[in-house]
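Here is what each chain is made of, one letter per residue.
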Amino acid sequence: RWKTSSQGTFEVRLTRTTADTSDATVRDQVYWGTFRTTRKRAPITQAGLALVALRIKATDQLNGVVDQFSCVTQSIVKDWTGSAWIVRPTSNPASIYREVLQGAANARPLSDSRLDLTTLQTWHAENAAKGFECNQVIDFRTTVFQLLQDVAAAGRARFGMRDGKYSTVRDLSQTTPIQHFTPRNSWGFRGTKVFVDQPHALKMRFINPDQDWQQDEVVVYDDGYSLATATKFETIELTGVTNSNQAWKLGRYHMAVARLRPETYEIWTDVENLVCTSGDLVKLVHDIPQFGLGASRIKVVTVDGGGNATGLTLDDVIPMEAGKSYAVRIRKQTGATLLQQIVTNAGEQSVITFTVAIPAASVPAVGDLVLFGILNSESVDCLIKAIDPGPDFTAKLTLVDAAPAVLTADSGVIPPFDSQITVAPFLQQQPPTPIVDQIRSDEEVLLRNLDGVLVSRILLVLHFASGGTVPTEFIETRRRVTGSTGSYVRQTFALGGDSIELSLQPVEDGVAYDVLVRTVGAQGQTSDWVTTLNHTVIGKTSKPPDITTLLYEQGKLRWLYPTPPLDLAGFLVRAH
């Protein structure tokens, strides 16, 4: 090997310095095998690449191309310092998120004007405080959107757009609602609930650098469970997570979401949706899920001599009960919200009085939306999960419970699910409780079908007890085989008078049933269940009555017999 002092073109000559030999065992001929030239310069001139130099000493064990080579790397991208974006090594999900949108790997990188940098900067600070990182090797084909979702998930966020700019949707603690929704400004309510078989623990799988970058898992236990008591496990694969503490925090978060946000609500609304963005906090009042006790519009504002609002006249009535405290939440035309306790006046009222007057500077206006309910439960906090645009500036909003406890699940106990249902006073009233006079299933209550076949049934004879506060709309019965854990068979019956007969069928002869009956009011109010347990269906299983007297007179055989049962087939006569 020769080192040259400069670059250029050189001639190389090989000369043997020893004399030729005449020995027959020595071969003097020389062959030139290989000649290589190396230059000290960058093998790749493309900018924006991180390069690794690998120098290997050739041995008998080296053959062909090195096809397995690993190293620990970190992205060198724009990172937020708290005051500016600078290029430096970072694993913060916010910085990686921006790189996906603007980096060289994106075929159509975006300009800064297309990004919601303010939200990314705030998210960056949150990730740094929580110790959230995103470390992933992208050696496969994927889409920009999918990669953004994966990176955002590592920082407990998801992809979102805000004011036409690329942003994220984060689960945040919020106190100021962006909008208020009631049956007065929405329609088409629909609710869905997932009945989760809550696991005792979650196995969170991640890549562990302390285990030579192999897959590892951390077990996140639900409150009250441990290694000794947990039997139900679920597994979650984490993408971009390389820290066991981060995996544990994400596991507690997902466990809390499954418990505290099992329901989703869908509503349609008009242009009032335009101020909303995914992740925003909204107030919801609706009679279907029984959130709050009602909603109306302001008809008249009552003011005192100083211009302070002392009460309201509403365009609809609101129900109140004695001994309870109530409040109204008023959405002003500016979008601001006012929460005022009102004087309890039992009954249905359209005129209300505030316990404390609203100052003149904040007086609401006629037409403002009013949400009404129990104090501190006049409405329900929800987060906007999705917004699906419709025609003429309408949109379908998908909401979930705000459930702020999911944000503290990694530092405290996860509370039980709260349905936040507020039962209206009229729904607390009951129709009269039914009294069962008889329950029969013998031959005397058999039914004959049109084809003449007799079928068994359970016949309930009942009447109403006094004391019901609302009229009965219909009667509901449920039955199932005694000792069974299956679902009940439900039947409903319209009213037919003070004394009512209910026919329950189909039933099987010789089988015992548990029977429940109750009354239901026009608004869904129900009486208490009246239960009859372990009633065995007789049907056609009993023997017919015996003949009491047998006579033979004037060559004729006669006998006396009581009223024959419906399933009597006839008499058998034998003579010998």
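First things first, this report covers the structure right here in the doc. Quick caveat, the model's predicted, so the values are computed rather than measured. (Residues numbered from 1 in each chain as written. Predicted model: local features only at pLDDT ≥ 70, side-chain atom pairs only at ≥ 80, totals over all residues. Heavy atoms only, no water.)

## Considerations on the overall build of the chain
Move 1: The helix and strand inventory of the chain stands at four helices and 30 strands.
Move 2: C-alpha atoms of the chain, sized along the principal axes, occupy 160 × 105 × 50 Å.
Move 3: Counting every position in the chain, which comprises 576 residues, the buried fraction comes to 36%.
Move 4: Across the chain, the mean location of the 55 positive side-chain charges is 8 Å away from that of the 60 negative side-chain charges. (Helix = DSSP H or I, 4+ residues; strand = E, 2+ residues; numbered from the N terminus. Buried < 20%, exposed > 50% of the residue type's maximum accessible area, 1.4 Å probe, protein only. Lys, Arg positive; Asp, Glu negative; His and termini not counted. Charge placed at Lys NZ, Arg CZ, Asp CG, Glu CD.)

## With respect to the sheet that holds strand S25 (residues 489-493)
Each strand in a sheet pairs with its neighbour through backbone hydrogen bonds, running either in the same direction (parallel) or in the opposite one (antiparallel).
Move 1: Strands sit in the order S25-S24-S27-S28 across an open sheet of four strands; the sheet is antiparallel. Edge strands, defined here as strands with exactly one partner in the open sheet, are S25 and strand S28 (530-536). Strand-to-strand twist across the sheet, computed as the mean angle between neighbouring axes with direction ignored, equals 20°.
Move 2: Across nine bridges, strand S24 (residues 472-481) lies against strand S27 (residues 512-521) in antiparallel orientation. Bridge pairing links arginine 478 to leucine 516 in S27. (Pairing = 2+ DSSP bridges. Axes fitted to C-alpha atoms, helices over the stretch in contact; angles between N-to-C directions.)

## Regarding empty space enclosed by the protein
Move 1: Scanning the entire structure with this criterion turns up two cavities of 30 Å³ or more.
Move 2: Of the volumes computed, that of the largest cavity is approximately 50 Å³.
Move 3: Taken together, Trp123, Glu126, Asn127, Lys130, Gly155, Arg156, Arg170 and Asp171 make up the full set of residues lining the largest cavity.
Move 4: Looking at the lining of the largest cavity element by element, the count peaks at four residues for helix H2 (residues 117-130). (1 Å grid on protein atoms, 1.4 Å probe; cavity = no way out; pocket = protein on both sides within 12 Å on 5 of 7 lines; lining within 4 Å. Points joined across faces, edges and corners; volume = space filled by probe spheres on them.)

## Comments concerning the packing of aromatic side chains
Move 1: The final tally for this structure, using the stated rule, is nine aromatic pairs.
Move 2: Taken together, a centroid distance of 5.4 Å and an interplanar angle of 90° make the contact between tyrosine 265 and phenylalanine 291 edge-to-face. Here the residue tyrosine 265 occupies a position in strand S10 (residues 263-269), and phenylalanine 291 occupies one in the loop between strand S11 (281-284) and strand S12 (294-303), the gap between them amounting to 26 residues.
Move 3: Note on tyrosine 265: relative accessible area 2%, which makes it buried.
Move 4: By way of ring pairs, the aromatic residues Phe145, Phe159 and Tyr166 are connected into one cluster. (Phe/Tyr/Trp six-rings, centres within 6.5 Å; stacked < 30°, edge-to-face > 60°.)

## A word on a nonpolar patch on the surface
Move 1: Together, Trp2, Val12, Leu14, Val30, Trp32 and Phe35 give the surface a local cluster of nonpolar side chains, amounting to about 750 Å² of exposed area.
Move 2: Looking at the secondary structure, you find tryptophan 2 in the segment before strand S1 (76-80). (Patch = residues over 30% accessible without salt bridge, like charges linked within 9 Å, V, L, I, M, F, W, Y side chains within 5 Å. Areas by Shrake-Rupley, 256 points an atom, 1.4 Å probe, with all protein chains shown as cover. Salt bridge = Lys/Arg side-chain N within 4 Å of Asp/Glu carboxyl O.)

## Side note on the packing of helix H1 (residues 93-102) against H2
Move 1: One way to put it is that H1 packs onto H2 with a least axis distance of 8 Å and a crossing angle of 145°. Counting all contacts with H1, which are made through Pro93, Ala94, Ser95, Tyr97 and Arg98, the residues of H2 involved are Leu117, Leu120, Trp123, His124 and Asn127.
Move 2: Classifying every residue of the contact of H1 with H2 gives six nonpolar, three polar and one charged. (Contact = heavy atoms within 4.5 Å. Nonpolar A, V, L, I, M, F, W, Y, C, P; charged D, E, K, R; others polar.)

## What to know about the pattern of salt bridges
Move 1: Going through the model one piece at a time under the given rule, you end up with 22 salt bridges.
Move 2: Its salt-bridge partner being arginine 205, residue glutamate 237 comes within 3.2 Å of it at the nearest N-O pair. With a gap of 32 residues between them, glutamate 237 in strand S9 (residues 233-237) and arginine 205 in strand S7 (residues 201-208) connect regions that are remote in the sequence.
Move 3: On the accessibility criterion, arginine 205 (29% relative accessible area) is partly exposed.
Move 4: Among the ionic pairs, arginine 558 bridges to glutamate 553, the shortest N-O distance being 2.1 Å.
Move 5: With a relative accessible area of 44%, arginine 558 lands in the partly exposed category.
Move 6: What makes glutamate 553 partly exposed here is its relative accessible area of 35%.
Move 7: By sharing partners, the salt bridges in this structure join Glu476, Arg478, Arg490 and Arg518 into a single network.

## Digging into the layout of surface pockets
Move 1: Taken as a whole, the largest pocket spans an internal volume of roughly 1900 Å³.
Move 2: Considering the residues around the largest pocket, the lining is formed by 49 residues, among which Thr73, Ser75, Gln136, Val137 and Ile138 are closest to the centre.
Move 3: At the level of secondary structure, the elements contributing two or more residues to the lining of the largest pocket comprise S1, H1, helix H3 (144-154), S7 and strand S8 (214-221).
Move 4: When the residues that make up the lining of the largest pocket are grouped by side-chain class, the tally is 25 nonpolar, 19 polar and five charged.
Move 5: Size it by volume and the second largest pocket reaches roughly 1200 Å³.
Move 6: Of the residues that constitute the lining of the second largest pocket, the class distribution is five nonpolar, nine polar and six charged.

## Regarding the packing of H1 against H3
Move 1: Running from N to C, H1 and H3 cross one another at 175°; their axes reach a closest spacing of 9 Å. Judged by the angle between their axes, H1 and H3 are roughly antiparallel. Every residue of H3 that contacts H1 at Pro93, Ile96, Tyr97, Val100 and Leu101 is listed here: Val144, Leu147, Leu148, Val151, Ala152 and Ala154.
Move 2: Grouping the constituent residues of the contact of H1 with H3 by class yields eleven nonpolar, no polar and no charged. (Parallel < 35°, antiparallel > 145°, perpendicular 65-115°, else oblique.)

## Things to note about H2
Move 1: The terminal C-alpha atoms of H2 lie 20 Å apart, and with 14 residues this matches the ideal 20 Å at 1.5 Å per residue to within 8%.
Move 2: Regarding H2, the residues found buried are Leu117, Thr119, Leu120, Gln121, Trp123, His124 and Asn127.
Move 3: Residues of H2 that are buried make contact with S1, strand S2 (85-89), H1, H3, strand S3 (157-162) and strand S4 (165-170).
Move 4: Phi for glycine 131, located one or two positions after H2, is positive at around 80°. (Expected span 1.5 Å × (residues − 1).)

## Re unusual backbone geometry
Move 1: For the bond running from glutamine 505 to proline 506, omega is 5°, close enough to zero to count as cis.
Move 2: Topologically, proline 506 is positioned in the loop between strand S26 (499-504) and S27.
Move 3: Positive phi outside glycine occurs at arginine 156, with the angle close to 55°.
Move 4: Among the secondary structure elements, arginine 156 is positioned in the loop between H3 and S3.

## A short note on the side chain of glutamine 340
Move 1: Positionally, glutamine 340 belongs in strand S15 (residues 337-342).
Move 2: Residue classification places glutamine 340 among the buried positions, given a relative accessible area of 14%.
Move 3: In this structure the side chain of glutamine 340 is engaged in a polar contact, spanning 2.8 Å, whose partner is the backbone oxygen of valine 356.
Move 4: The residues contacting glutamine 340, other than those within four sequence positions of it, are Ala327, Val328, Phe354, Val356, Ala357 and Ile358. (Polar contact = N/O pair within 3.5 Å; in protein donor to acceptor, adjacent residues only side chain to side chain.)

## Brief notes about the sheet that holds S9
Move 1: Across the sheet, which stays open at both edges, the three strands sit in the order S8-S7-S9 with mixed pairing between neighbours. The open sheet has two edge strands with one neighbour each: S8 and S9. Adjacent strand axes in the sheet meet at a mean angle of 30° when their direction is disregarded.
Move 2: Strand direction decides the pairing type here: S7 and S8, joined by eight bridges, are antiparallel. Residue pairing for S8: lysine 203 is matched across the bridge by valine 219.
Move 3: Seen against the sheet, helix H4 (residues 244-260) touches S7, S8 and S9 and runs at an angle of roughly 45° to S8.

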